[in-house]
Amino acid sequence: MNFFITGTDTEIGKTYVTELLLRDLRKRGIAAAGYKPIACGDRQDARRLRAACAPSLSLDEINPLYLRTPTAPCVAAAIERQSIDLSMLAAGYEYLAARHEQVLVEGVGGWEVPLCPGKTVADLARMLDLPVLLVVGNRLGAVNHALLTVKSIASSGLACRGIILNHSGDEWDTAALTNKGLIEEFSKLPVLAELIHGQDEIDSQAILGA
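A brief look at the structure comes next.

Criteria and thresholds
- Residues numbered from 1 in each chain as written.
- Predicted model: local features only at pLDDT ≥ 70, side-chain atom pairs only at ≥ 80, totals over all residues.
- Heavy atoms only, no water.
- Buried < 20%, exposed > 50% of the residue type's maximum accessible area, 1.4 Å probe, protein only.
- Helix = DSSP H or I, 4+ residues; strand = E, 2+ residues; numbered from the N terminus.
- Contact = heavy atoms within 4.5 Å.
- Phe/Tyr/Trp six-rings, centres within 6.5 Å; stacked < 30°, edge-to-face > 60°.
- Pairing = 2+ DSSP bridges.
- Axes fitted to C-alpha atoms, helices over the stretch in contact; angles between N-to-C directions.
- Polar contact = N/O pair within 3.5 Å; in protein donor to acceptor, adjacent residues only side chain to side chain.

1. Regarding helix α6 (residues 121–128)
Now for step 1: With six of its eight residues buried, α6 lies for the most part within the structure.
Now for step 2: Taken together, the buried positions of α6 are occupied by Val-121, Ala-122, Asp-123, Leu-124, Ala-125 and Leu-128.
Now for step 3: On its buried face, α6 sits against β1 (3–7), α5 (86–97), β5 (102–106), β6 (114–116) and β7 (119–120).
Now for step 4: Downstream of α6 by a residue or two, Asp-129 has a phi angle that is positive, lying close to 55°.

2. Here's the deal with the packing of aromatic side chains
Now for step 1: For the structure on display, the rule yields one aromatic pair.
Now for step 2: Judged by centre distance (6.1 Å) and plane angle (85°), the rings of Phe-4 and Trp-111 are edge-to-face. Placement of Phe-4 in strand β1 and of Trp-111 in the loop between β5 and β6 is noted, with a sequence separation of 107 residues between them.
Now for step 3: You can call Trp-111 buried: its relative accessible area is 4%.

3. Side note on the sheet that holds strand β8 (residues 132–137)
Now for step 1: The parallel open sheet is built from six strands, whose spatial order is β2-β5-β1-β8-β9-β10. In this open sheet, the two strands that pair with only one neighbour each are β2 (32–35) and β10 (191–195). Sheet twist, expressed as the mean angle between neighbouring strand axes with direction ignored, is 20°.
Now for step 2: As defined by bridge partners, β1 adjoins β5 across three bridges and the pair is classed as parallel. The partner of Ile-5 across the bridge, within β5, is Glu-106.
Now for step 3: Against the sheet, helix α2 (residues 44–53) engages β2 and β5, with an angle of about 175° to β2.

4. Re the side chain of Asp-123
Now for step 1: Take Asp-123: it is sitting in helix α6.
Now for step 2: A polar atom in the side chain of Asp-123 sits 2.8 Å from the backbone nitrogen of Thr-120.
Now for step 3: Looking at Asp-123, its side chain comes within polar contact range of the side chain of Arg-126, at 2.4 Å.

And the structure:
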């Protein structure tokens, strides 16, 4: 099964999680590919996905739309006089899906980041019709951000398989220690993994069910 990986914010660990999942899938002998439909500012995330899955794929196959301006895609596209065609991005996904056993699609920014007039990341995910994995930064405010995003995913008519908590620092405060229980209690969804800072392996089978 293929998945759409989103986050509660930008710089929350989506690429890190997707990269770990792809490496573990490949280690298990599964022909998996990462797909980063839109990148803004630089293409480092797409390069990381390419290295984790299949170096034979071109950067443009993994990341068909690159905008150099580090801002919301709709703003970057306007500045650079480009248009964002969701159907073209969906076609890029279908191309990879036809050639791989599993594809992990990484969104840009958070769930409701504007892509083009009237359309957000949620609309792209709905077009692809994939189950969603939500990456949450394990810090103060995580519970609120997680619950709001879970509700928005549900309102989009998509299934959220579960949540991955990503701890980006070495120190743990009270919020970081208690977020998992509160998120599971109030979202009614499982926290599929709780990553510590610097973790370099992940159990893709436990998370993806593949």
